[in-house]
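Observations on the model geometry
Chain by chain, the residues run as shown.
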Amino acid sequence: MKITNIETFIVPPRWCFCKITTDSGIVGWGEPVVEGRAEAVVAVVETHKEYLIGKDPMLIEDHWNVMHRSGFYRGGAIAMSAIAGIDQALWDIKGKYYNVPVHELMGGRVRDKIKVYQWIGGDRPNDVGAQAQAAQRDGFKAIKMNATDECQYIDTFGKVERVLERVAAIREACGSDFGIGIDFHGRVHKPMAKQLVKRLEEYNPMFIEEPVLIDHKESFKDVARNTCIPIATGERLYSRWDFKDILHDGYVDIIQPDLSHAGGITECKKIASMAEAYDVALAPHCPLGPIALASCLQVDATSYNAVIQEQSQRIHYNQGADLLTYVKNKTVLDYEDGFVNIPTGPGLGIEIDEEAIRQGAKEGHKWRNPFWRHEDGSVAEW
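Given the structure is predicted, the values throughout are model-derived calculations rather than measurements.

Thresholds, definitions, all that
Residues numbered from 1 in each chain as written. Predicted model: local features only at pLDDT ≥ 70, side-chain atom pairs only at ≥ 80, totals over all residues. Heavy atoms only, no water. 1 Å grid on protein atoms, 1.4 Å probe; cavity = no way out; pocket = protein on both sides within 12 Å on 5 of 7 lines; lining within 4 Å. Points joined across faces, edges and corners; volume = space filled by probe spheres on them. Nonpolar A, V, L, I, M, F, W, Y, C, P; charged D, E, K, R; others polar. Helix = DSSP H or I, 4+ residues; strand = E, 2+ residues; numbered from the N terminus. Pairing = 2+ DSSP bridges. Axes fitted to C-alpha atoms, helices over the stretch in contact; angles between N-to-C directions. Contact = heavy atoms within 4.5 Å. Patch = residues over 30% accessible without salt bridge, like charges linked within 9 Å, V, L, I, M, F, W, Y side chains within 5 Å. Areas by Shrake-Rupley, 256 points an atom, 1.4 Å probe, with all protein chains shown as cover. Salt bridge = Lys/Arg side-chain N within 4 Å of Asp/Glu carboxyl O. Buried < 20%, exposed > 50% of the residue type's maximum accessible area, 1.4 Å probe, protein only. Phe/Tyr/Trp six-rings, centres within 6.5 Å; stacked < 30°, edge-to-face > 60°. Lys NZ or Arg CZ within 6 Å of the ring centre and 35° of its normal. UniProt positions renumbered as here; feature names shortened; annotations may be inferred.

1. Here we look at the layout of surface pockets
Reported here for the largest pocket is a volume of approximately 560 Å³. What lines the largest pocket is a set of 24 residues, among which Glu35, Glu235, Arg236, Asn369 and Trp382 lie closest to the centre. Among the residues making up the lining of the largest pocket, the classes are represented as eight nonpolar, five polar and eleven charged. Taken as a whole, the second largest pocket encloses approximately 160 Å³ of empty space. For the second largest pocket, the full set of lining residues is Gln118, Trp119, Ile120, Gly121, Gly122, Gln131, Ala134, Ala135, Asp138, Arg314, Ile315 and His316. Of all the secondary structure elements, the ones that give two or more residues to the lining of the second largest pocket are β4 (113-120) and α5 (128-137). When its residues are assigned to classes, the lining of the second largest pocket shows five nonpolar, five polar and two charged.

2. Describing the sheet that holds strand β1 (residues 3-11)
An order of β1-β2-β3 is seen for the three strands of this open sheet, with the pairing classed as antiparallel. A single partner strand is all that each edge strand has here, and the edge strands are β1 and β3 (27-30). Neighbouring strand axes in the sheet, compared pairwise and without regard to direction, differ in orientation by 15° on average. As defined by bridge partners, β1 adjoins strand β2 (residues 15-22) across eight bridges and the pair is classed as antiparallel. Bridge pairing in β2 places Ile10 opposite Cys16. Sheet strands in contact with helix α3 (residues 77-98) are β1, β2 and β3, and its direction is about 145° off that of β3.

3. A closer look at a nonpolar patch on the surface
On the surface, a cluster of nonpolar side chains totalling about 310 Å² of accessible area is made up of Tyr97, Tyr98 and Leu105. Looking at where Tyr97 falls in the secondary structure, it is placed in helix α3. Here Tyr97 falls in the partly exposed class, since its relative accessible area comes to 46%.

4. Focus: the packing of aromatic side chains
Applying the stated criterion to the full structure yields eleven aromatic pairs. Ring geometry for Trp15 against Phe17: centres 6.1 Å apart, planes inclined by 40°, an arrangement best described as tilted. Since its relative accessible area comes to 0%, Trp15 is described here as buried. One aromatic cluster is present, formed by Trp15, Phe17 and Tyr326 through successive ring pairs. For the cation-ring pair, Lys113 lies above Phe339, with the distance from its terminal atom to the ring centre recorded as 4.6 Å. One residue, Arg124, lies across the ring of Trp372, its end atom 4.2 Å from the ring centre.

5. Looking at the UniProt feature "domain: Mandelate racemase/muconate lactonizing enzyme C-terminal" (unreviewed entry) in the protein chain
This chain's UniProt record puts "domain: Mandelate racemase/muconate lactonizing enzyme C-terminal" (unreviewed entry) on residues 125-230. Counted over residues 125-230, helix gives 42% and strand 12%. Its end C-alpha atoms are 21 Å apart.

Here it is as structure tokens:
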């Protein structure tokens, strides 16, 4: 079996898919994208296409190493996301060839289902108590929300109080057994993060995410010393080498590699195993499309330390298309009582609606993340 073609499709709302075709008729699908930089990822996929055409798609580990190691300059969001999407598609092909789900090729699943959470509140969180209650009525056992909008190095007491009020509203509305993930989104600087994490302990969040930017990974020590709340990070780390120091330092409790950013299934499975050796939990980042989610579920299935899975259904970014728009067998990703079953179909376990994708690609997108400024005119972290 040989690879005969690789195509990319930029589709609404902010995704990019790739299709790898083989001479046997088996095709595989992946999701190589960086939100807001899809065109750049496509360009890198095209450079790998030159090498991959004519190659055996079954040699996934070797192809991964060629794509990563043959470049003198390597790593980073764009390069690793291109590899990630190709890697997902190659695993999809291999699973279809053997007529088994990808997790069967990785040693078999350790769980039948995994808990998922619902996004609420939007970029500038509001009305979160009511939205959390709605998610709970839909069967979800946990939500995630942005903690705040723009936040200065030293911000006001009122800013802190508003964050606490939002979290308090959710805890009061949904009860003590309901999980609350609080995403600082890298918007908060260390002086404010230390204040917030200490005050938030009263509400027993499930985790705090990116309490400071990963650029300041030395600051996780200061944040961790101020709280007992589990600390999560990792969506802006792209390889096992990027995660190495974070795991060794011991201040992070949950890692969140993104299966469409951190080298795909091949790399993220290795990252998950590294984390398990440090008694660190896995909660893959995935505010993306169905192929990314299906890939996450294959790793979740085989990773003992996987605890919860992000998913993008009805997330505030999904304008013009949603999680299931490009999927034929939509029930595969049904959520029941706060869980999603591990897919058992061949490959990634989802059937892609290629006609819908090609139609969506005619529209495409130019999605860019919001650009904010503080009151004084300086650029704010989004």
